[in-house]
Amino acid sequence: MVDNGEEKLLAMARHIAKTMGRNESMADDILQIFSNFDARFSLDKLSDKSDEVDPRSSVALQRSLKSLDRRISQYLAADHPIWADSADSAAFLDAIDELIATIRDWTPMARDKSVGTYLARADDLMQQAMFRVSEEFRSLMERGGESFELTRHFRNRESTGEFFFDSEEDEEGAEGILGDGLQIPVAQPVTDYNVVIDALPSGTISDLHEIAKRMVAAGYEKECSHAFSSCRREFLEESLSRLGLQKLSIDEVQKMQWQDMEEEIERWMKAITVSLRILFPSERRLCERVFVGLSSAADLSFMEVCRGSTIQLLNFADAVAIGSRAPERLFKILDMFETLRDLMLDFDSVFSDQYCLLLRNEAIAIWKRLGGTIKGIFMELENLIRRDPAKTPVPGGGLHPITRYVMNYLKAACKSRQTLEQIFEEAALPSKDYTKLDDRATASSSLSVQMDWIMELLESNLEAKSKIYNDLSLSSVFLMNNGRYIVQKVKDSELGSVLGDDWIRKHSVKNRQYLGNFLKSSWSKVVGVLKIDSGSIAPAVMKEKLKSFNIQFEELCQTQSTWVISENQLREEAKISVTKILMPAYQNFIERYQSLPELSKRTDRHLMYTAKDVEAQITQLFQGGGGRR
């Protein structure tokens, strides 16, 4: 009896709350007052709406749904775009708003059988309505895009002027006409990236936003994002295609001839720059305008729009990074590395939300992978130097092709010194400043060690090649030529800063030693023939010495006139060095020779060369001309 009396008391309290409360919120407040007044009126007992629902209320729900069904169905059955008429679209959205509110208000009482049945019908009606507004959403986007006729209206963020991006008429060389009548030639290269694209008219964007609000409120956020992204993806794919970028698999990229790949890399660098600085920011702006106030939907939609194009761009870079590491690929891959590095801040800015985290991480990973490829290319260069055979001597002891190739290669590479320092340092750069380089000595020394090691390998290779010459003096000429070329290339390029002044001084000394070895192994022997001991000397000995000198001098001149010293200054230094050690000895010998009475009268028979003749012969050395002149 007590329990039955309490149930009646609780029922009366609920009835009073419903009767006095003008809305659900006021009724809840009255129930809270009852609960505070008497412990028997606990809030959970009083507010248990699912246990008791006024039959008259479920009837009201039925009538409300019947009215909404009639209003919404007329638009569902329409065979024309609802948004072609602003009155129709407004009425349709109002009906959807009421349906959303009805489902929201009655869902807490869904455990009541009759209410649950009506809510199931409401959900079905909502699903039909969402399917139709999704179609209208797509149609609005397509019509809005067509109204711009693929001639994209660029807006400079500095608000100065307009820029043409693309047109269906590119191939015909036609002209695009903007809304203000200003004609701008099509297919002009983009030179200012500080622009955005108004991809859709403002009125269309406003309509899309109104639809998006209802779809998100009804729980159809993913469906709305999918409808939006499927249309915008087509625009991005078309844009990349017009920028010349092909859809290539990793296997197709790796099978390309290098010349074709170089051209594709050029197109890729333009495409990814335009994408990160114009296309993607413009898509982000469009998402934020369509889904204003719906940040999650905006971020999801943006990711779905840009994911495919971003993966296409990153996959190409990845295919290049994991491909061949032939030395000739260095410079294009350096360009790719620098392009990605310079765009990392744009990646961070544009792909800043949680949905795009994987894309950001993948971009960073591929950028670093390109850096690893560059280091691998230098390792392959080392292998190329090691494998270069020491079989055929260079005629005349001239410059070896491997020397010319390696030094010009390193000289060109060091034009990107800062980038190479960044790569070889392998330091983690601040996430918000990818272009800031660490100028510490360690960064420089990392690259210096690499370059010094390559130079050491080259020098060892040249030392081995010098040994295939039978003539020791020609071997020295070969090392002189190549050593001088190396030092000059280092001094005349950024390599000098990388290797340092100590390296240059050390190798300049070594080159002078090569010259000394050359003189010692050839001309010192000739000078030795002219050597005269103090005191008297027999005329016969003097005649024999002169005869021996004539023979050796003539042979050396004939031989060394065919040798090559290609660098003018080095050639003159070598001739001057020969003159300095030979002429004093020869002049002294001639004076002693002519001072002997027995020989002075017959000088013309044995004295073949005057001092001037000797000097003249020396000037003909190292010309590579093939004989005495």
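Note that residues are indexed from 1 along each chain, following the sequence as it is written. In keeping with the predicted nature of the model, local features appear solely for residues at pLDDT of at least 70, side-chain atom pairs appear and are counted solely at 80 or more, and the whole-chain, interface and lining totals rest on all residues. Each side-chain value is worked out from all heavy atoms of the structure, with water and hydrogens disregarded.

You'll find the protein chain entered in an unreviewed UniProt entry as Exocyst subunit Exo70 family protein, with Cucurbita moschata given as the organism. UniProt positions are given in the numbering used here, feature names are shortened, and annotations may be inferred rather than shown by experiment. Looking at the Function (unreviewed entry) heading of the UniProt record, one finds this comment for the protein chain: "Component of the exocyst complex." UniProt's Sequence similarities (unreviewed entry) comment on the protein chain is quoted here verbatim: "Belongs to the EXO70 family."

As for the overall build of the protein chain
Broken down by element type, the protein chain carries 24 helices and four strands. Summary of the burial criterion: residues with accessible area below 20% of their type's maximum are buried, those above 50% are exposed, and those between are partly exposed, where the area comes from a 1.4 Å probe applied to protein chains only. Relative to its full complement of 629 residues, the protein chain shows a buried share of 48%. Working rule for contacts: check all heavy atoms of both residues, and any pair within 4.5 Å makes them a contact. For the protein chain, contacts bridging at least 24 residues in sequence account for 76% of all contacts bridging at least 6. Here the open area of atoms and residues is found with the Shrake-Rupley method and a 1.4 Å probe, where only the protein chains shown may cover a residue. For the protein chain, the accessible area works out to roughly 31800 Å², and carbon and sulfur atoms hold 50% of it. Think of it this way: any DSSP run of H or I at least four residues long counts as a helix, any run of E at least two long counts as a strand, and we number them from the N terminus.

What to know about the packing of helix H12 (residues 330–350) against helix H13 (residues 357–387)
Relative orientation and spacing of two packed helices are given, respectively, by the angle between their axes and the distance between those axes. Remark: H12 packs on H13, axes separated minimally by 10 Å, with the N-to-C direction vectors making an angle of 155°. Considering the angle they form, H12 stands roughly antiparallel to H13. Of the two possible hands of crossing, H12 and H13 adopt the one that is left-handed. Seen from H12, the contacting residues are Leu330, Ile333, Leu334, Met336, Phe337, Leu340, Arg341, Met344, Phe347 and Asp348; seen from H13, they are Arg360, Ala363, Ile364, Ile366, Trp367, Leu370, Gly371, Thr373, Ile374, Ile377 and Phe378. Only Asp, Glu, Lys and Arg are considered charged in this grouping, and only Ala, Val, Leu, Ile, Met, Phe, Trp, Tyr, Cys and Pro are considered nonpolar; every other residue, Gly among them, is considered polar. When grouped by side-chain class, the residues that make up the contact of H12 with H13 number 16 nonpolar, two polar and three charged. Think of each axis as a best-fit line through the C-alpha atoms, taken over the contacting stretch in the case of a helix, with angles from 0 to 180 degrees between the N-to-C directions. Our angle categories are set so that under 35 degrees counts as roughly parallel, over 145 as roughly antiparallel, 65 to 115 as roughly perpendicular, and the remainder as oblique. The crossing is said to be left-handed when, going from far helix to near helix, the turn is anticlockwise and less than a right angle, and right-handed when the turn is clockwise.

Brief notes about the nonpolar core
Among the nonpolar cores identified, the biggest contains 172 residues, and Phe137, Phe378 and Trp523 are the most heavily contacted of them. If one sorts the elements of this core by residue count, helix H10 (residues 258–290) sits on top with 15 residues. Once residues lying within four places of it in the same chain are set aside, the contact partners of tryptophan 523 are Phe518, Phe553, Leu556, Cys557, Gln560, Val578, Ile581, Leu582 and Leu621. Side-chain atoms within 4.5 Å are what join buried Ala, Val, Leu, Ile, Met, Phe, Trp, Tyr and Cys residues into a set we call a nonpolar core.

With respect to the packing of aromatic side chains
Between rings of Phe, Tyr and Trp, where Trp is taken as its six-membered ring, a pair exists when centres lie within 6.5 Å; planes separated by under 30 degrees are stacked, by over 60 edge-to-face, and by other angles tilted. Under the defined criterion, the tally for this structure stands at 20 aromatic pairs. Aromatic pair phenylalanine 280 and phenylalanine 351: ring centres 5.6 Å apart, planes at 70°, arrangement edge-to-face. Here the residue phenylalanine 280 occupies a position in helix H10, and phenylalanine 351 occupies one in the loop between H12 and H13, the gap between them amounting to 71 residues. The same class applies to phenylalanine 280 and to phenylalanine 351, which are both buried. Here the aromatic residues Trp523, Phe549, Phe553, Tyr586 and Tyr609 are joined through ring pairs into a cluster of three or more. Note on geometry: a ring has a charge over it if NZ (lysine) or CZ (arginine) is within 6 Å of the ring centre and within 35 degrees of the ring normal. Cation over ring: arginine 284 sits above phenylalanine 302, and NZ or CZ is 4.0 Å from the ring centre.

Quick notes on helix H17 (residues 472–491)
Taking 1.5 Å per residue, 20 residues should reach 28 Å; H17 reaches 28 Å between its end C-alpha atoms and fits that length. In terms of burial, H17 is a largely internal element, 17 of the 20 residues being buried. To estimate the expected span of a helix, subtract one from its residue number and multiply by 1.5 Å.

Considering the side chain of arginine 571
With respect to the element layout, arginine 571 can be found in helix H21 (residues 568–595). Glutamate 572 provides the closest opposite charge to the buried, unpaired arginine 571, separated from it by 4.6 Å. We call two N or O atoms a polar contact when they sit within 3.5 Å, provided that within protein one can donate a hydrogen and the other can accept it, with sequence-adjacent residues counted only if both atoms are side-chain atoms. A polar contact is formed between the side chain of arginine 571 and the backbone oxygen of isoleucine 565, at a distance of 2.6 Å. If we ignore the near neighbours within four places in the chain, the residues touching arginine 571 are Ile565, Ser566, Leu621, Phe622 and Gln623. Neither His nor the chain ends contribute to the count of charged residues, in which Lys and Arg are positive and Asp and Glu negative. Criterion for a salt bridge: a side-chain nitrogen of Lys or Arg within 4 Å of a carboxyl oxygen of Asp or Glu.

Digging into the environment of leucine 457
Turning to its location among the elements, leucine 457 is positioned in helix H16 (residues 441–466). For the pair leucine 457 and asparagine 383, spaced 74 residues apart in sequence, the C-alpha to C-alpha distance is 9.4 Å. If we skip the residues at most four places from it in the chain, leucine 457 touches Glu382, Ile385 and Arg386.

A look at the pattern of salt bridges
Summed over all chains, the structure comprises 26 salt bridges. When the shortest N-O distance is used, the salt bridge between glutamate 136 and arginine 132 registers 3.0 Å. With glutamate 136 and arginine 132 both in helix H6 (residues 113–147) and four residues apart, this pair spans about one turn of that helix. You can call arginine 132 buried: its relative accessible area is 8%. Of the charged contacts, one joins arginine 484 and glutamate 573 as a salt bridge, the two residues approaching to 3.1 Å between their closest N and O atoms. Taken as a pair, arginine 484 in helix H17 and glutamate 573 in helix H21 lie far apart in primary sequence, 89 residues in all. Overall, arginine 484 belongs to the buried group, its relative accessible area being 12%. Residue glutamate 573 is classed as partly exposed on the basis of its relative accessible area of 29%. Several salt bridges converge on common partners, so that one network encompasses Asp97, Glu210, Lys213 and Arg214.

Considering helix H8 (residues 221–242)
Over its 22 residues, H8 extends 32 Å from the first C-alpha to the last, a length consistent with the 32 Å expected when each residue adds 1.5 Å. Positioned one or two residues after H8, glycine 244 has a phi angle of 95°, which is positive.

Observations concerning the confidence of the model for the protein chain
As a per-residue measure, pLDDT tells how confident the predictor is, with possible values from 0 to 100. On average, residues of the protein chain score 81 in pLDDT, and 77% of them reach the 70 mark or higher. Residue range residues 147–189 is modelled with pLDDT below 50. Its contacts to residues more than four positions away, or to other chains, number 93 contacts. When the criterion is pLDDT under 50, residues 427–444 qualifies, and its contacts beyond four places in sequence or with other chains add up to 26 contacts.

With respect to the packing of H8 against helix H11 (residues 295–321)
Between H8 and H11, whose axes approach to 8 Å, the crossing angle comes to 35°. Between H8 and H11 lies a crossing whose hand is right-handed. Facing H8, whose interface residues are Glu221, Lys222, Ser225, His226, Phe228, Ser229, Arg232, Arg233, Leu236, Glu237 and Leu240, H11 presents Ser296, Ala297, Leu300, Ser301, Glu304, Val305, Cys306, Ser309, Gln312 and Leu313. Taken together, the residues of the contact of H8 with H11 break down into eight nonpolar, seven polar and six charged.

A closer look at unusual backbone geometry
The phi angle at phenylalanine 622 is positive, at roughly 65°, despite the residue not being glycine. Looking at where phenylalanine 622 falls in the secondary structure, it is placed in the segment after helix H24 (611–618).

Things to note about the side chain of arginine 341
Mapped onto the secondary structure, arginine 341 falls in helix H12. According to the relative accessible area criterion, arginine 341 is buried, its value standing at 11%. One polar contact links arginine 341 to threonine 419, side chain to side chain, over a distance of 3.1 Å.

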